[in-house]
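Single-letter residue listing:
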Amino acid sequence: MNEVRLVGPGGEQVGVVKIEIALRLAQEADLDLVEVSPNSNPPVAKIMDYGKFKYENAQKAKEARRNQANTVLKEVRFRLKIDDHDYETKLKRAIGFLESGDKVKAMIQFRGREQSRPELGIKLLQKFSEDVAEFGTAENRPKQDGRNMVMIVAPVKNKSEAKAEQNARRTQQKQAARAAKNAAAEEKSNDSAEAAATETKEN
């Protein structure tokens, strides 16, 4: 390996350079030269603080493991003869769970003679699966378990992605609220200035 495609410390593309030059640039920046994509042609190397890079990667892996472990199986129960309003309420609740990165166990509870009509339960769970398709995918076909019929739906986004999105939304909302507050304060200040100018003219 005589040459590398070099990426600078700020993520800027330096281009293809000889490895001696890449090493010299890293030394001049008091940083390390790290091969980040060995299978590329030529290999990609980046000038960075390797200790910091290793620490950040370890933190990300730790966070991912923690979020993975926190995935919870939430339960949503249906009756076979559920009315539209009740169904919509349960559907919204299930979507909320899936958006938060949790799995949903959709369960139909059969009563009395309803057990002899499993095809109605399958139809209802399939409808549910289609209605949440944007947020989750069914891990299994509806299956009978005694007086119940069960289907597990897994979220499209994992827990860490869901959390990151929620945090980003929260930050955007805070920024929007701050901007609105500043705009209102500025408007009030302009109104006061105009009122003062009018008063001066009248005097």
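Worth saying up front: this structure is predicted, and the values here are computed from it rather than measured.

(A) Just the pattern of salt bridges, in detail. Throughout the structure, instances matching the rule amount to six salt bridges. Note that Glu75 is salt-bridged to Arg77, the shortest N-O span being 2.6 Å. Across the pair Glu75 and Lys105 runs a salt bridge, and its minimum N-O distance is 3.8 Å. Of the two residues, Glu75 sits in strand β5 (residues 73–79) while Lys105 sits in strand β6 (residues 103–109), which places them 30 residues apart along the sequence. Residue classification places Glu75 among the partly exposed positions, given a relative accessible area of 33%. Each of the salt bridges in this network shares a partner with another, and the network as a whole consists of Glu75, Arg77 and Lys105.

(B) Structural context of the environment of Glu134. Inspection of the secondary structure assignment puts Glu134 in the loop between α4 (118–131) and β7 (136–138). Under the relative-accessibility criterion, Glu134 is labelled exposed at 65%. Spatially, the C-alpha atoms of Glu134 and Glu99 are 9.8 Å apart, while their sequence positions differ by 35 residues.

(C) Up close: the side chain of Lys90. Residue placement: Lys90 occurs in helix α3 (residues 84–99). Buried within the structure, Lys90 lacks any salt-bridge partner; Asp86 is the closest side chain of opposite charge, at an N-O distance of 4.7 Å. At a separation of 2.8 Å, a polar atom in the side chain of Lys90 contacts the main-chain carbonyl oxygen of Arg77. Non-local contacts of Lys90, meaning those with residues more than four positions away in its chain, are made with Val76, Arg77, Phe78 and Ile82.

Criteria and cut-off values
Residues numbered from 1 in each chain as written. Predicted model: local features only at pLDDT ≥ 70, side-chain atom pairs only at ≥ 80, totals over all residues. Heavy atoms only, no water. Salt bridge = Lys/Arg side-chain N within 4 Å of Asp/Glu carboxyl O. Helix = DSSP H or I, 4+ residues; strand = E, 2+ residues; numbered from the N terminus. Buried < 20%, exposed > 50% of the residue type's maximum accessible area, 1.4 Å probe, protein only. Lys, Arg positive; Asp, Glu negative; His and termini not counted. Polar contact = N/O pair within 3.5 Å; in protein donor to acceptor, adjacent residues only side chain to side chain. Contact = heavy atoms within 4.5 Å.

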